[in-house]
Amino acid sequence: MLLLNCPYCGVDAEETELSPGGEAHLTRHGPGSSEEEFHDYLFTRENPRGVHFERWRHAHGCGKWFHAARCTQTLEVFGTYTAQTSEPPQHIRDAISEKRPGWQWRGLS
Ligand SMILES: [Zn+2]
């Protein structure tokens, strides 16, 4: 069972209380962007086997969107954080690096 702590209301929410929102930290492209950039924004996802950043909504709770860092292979959760970030916060990256030495994401570790 997936259990994620909502960073807004502090509740440890079961998966049935949450709605998935796909990959987090997508770079949005709109008017003025190339067709390739817009195509990648719509269709290209990382889908890693390992550390992944996801969007979740506390649908049956406070209703807010947040991000979760977890391992898709082991289902280990490294942490959750508010959705108002363009990249994972340092304390989340430190928690991942502690358990997955050498881990990197888009040049960050
Ligand atoms: Zn909540």
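As shown above, the structure is provided for reference.
Figured I'd write up the structure that's included with this text. (Residues numbered from 1 in each chain as written. Predicted model: local features only at pLDDT ≥ 70, side-chain atom pairs only at ≥ 80, totals over all residues.)

1. Structural notes on the overall build of the protein
Selection rule: Strands here mean DSSP runs of E at least two residues long; helices mean DSSP runs of H or I at least four residues long; both are numbered from the N terminus. It is over C-alpha atoms that the radius of gyration is taken, and the globule rule equals 2.2 Å times the number of residues to the power 0.38. Here, residue contact means that the backbone-derived C-beta atoms of the two residues sit within 7 Å.
When its secondary structure is counted, the protein shows two helices and six strands. The globule rule puts the C-alpha radius of gyration for 109 residues at 13 Å, and the 15 Å found for the protein is close to it. Structurally, the protein occupies a C-alpha span of about 40 × 35 × 20 Å along its principal axes. Excluding contacts between residues fewer than 6 apart, the proportion of contacts in the protein whose partners are at least 24 apart in sequence is 46%.

2. Some words on the environment of serine 109
Quick reminder of the rule: Neighbour density around each residue's C-beta defines its exposure: 20 or more other C-beta atoms within 10 Å make it buried, 12 or fewer make it exposed, and counts between make it partly exposed, where C-beta atoms are placed from the backbone.
Structurally, the position occupied by serine 109 is in the segment after helix H2 (90–99). With 13 C-beta atoms packed within 10 Å, serine 109 lands in the partly exposed category. Spatially, the C-alpha atom of serine 109 lies 6.0 Å from that of arginine 93, the residues being 16 residues apart in sequence.

3. Overview of the pairing of strand S4 (residues 51–57)
Operational definition: Strands pair, by our definition, only if DSSP identifies at least two bridges between them.
The pairing of strand S3 (residues 19–23) with S4 spans three bridges and is antiparallel. Among the inter-strand pairings, proline 20 is bridged to a residue of S4, identified as tryptophan 56. Pairing of S4 with strand S5 (residues 65–71) involves seven bridges; the strand directions are antiparallel. Residue phenylalanine 53 lies in a different strand from S5, and its bridge partner there is alanine 69.

4. Describing the nonpolar core
Counted only if it meets this: Buried Ala, Val, Leu, Ile, Met, Phe, Trp, Tyr and Cys residues form a nonpolar core when they are connected through C-beta atoms within 7 Å.
In this structure, Leu4, Trp56, Ala68 and Ala69 are the most contacted members of the largest nonpolar core, which totals 13 residues. Elements with a contribution of two residues or more to this core: S4 and S5. Every residue in contact with alanine 69, bar those within four places of it in the chain, is listed here: Val51, Phe53, Phe78, Gly79, Pro88, Ile92 and Ile96.

5. Remarks on the pairing of S5
Buried residues dominate S5, accounting for five of its seven residues. Pairing analysis gives five bridges linking S5 to strand S6 (residues 77–82), with the strands arranged antiparallel. Of the residues in S6, the one forming a bridge with alanine 68 is threonine 80. Between S5 and S6, which pair antiparallel one after the other, the connecting turn spans five residues, and leucine 75 there sits at a positive phi close to 65 degrees.

6. Notes on the sheet that holds S4
Spelled out, the test is: Note on geometry: axes are lines fitted to C-alpha atoms, helical ones only across the stretch in contact, with angles between N-to-C directions running from 0 to 180 degrees.
Taking strand neighbours across the sheet as the criterion, the four strands line up as S3-S4-S5-S6 in an open arrangement whose pairing is antiparallel. Of all the strands in the sheet, just S3 and S6 have a single pairing partner and so form its edges. In this sheet, neighbouring strand axes are inclined to one another by 30 degrees on average, regardless of whether the strands run parallel or antiparallel.

7. Quick notes on the environment of aspartate 12
Among the secondary structure elements, aspartate 12 is positioned in strand S2 (residues 12–14). You can call aspartate 12 exposed: it has 10 C-beta atoms within 10 Å. For the pair aspartate 12 and leucine 2, spaced ten residues apart in sequence, the C-alpha separation works out to 10.0 Å. Each residue touching aspartate 12, except ones within four places of it in the same chain, is listed here: Leu3 and Asn5.

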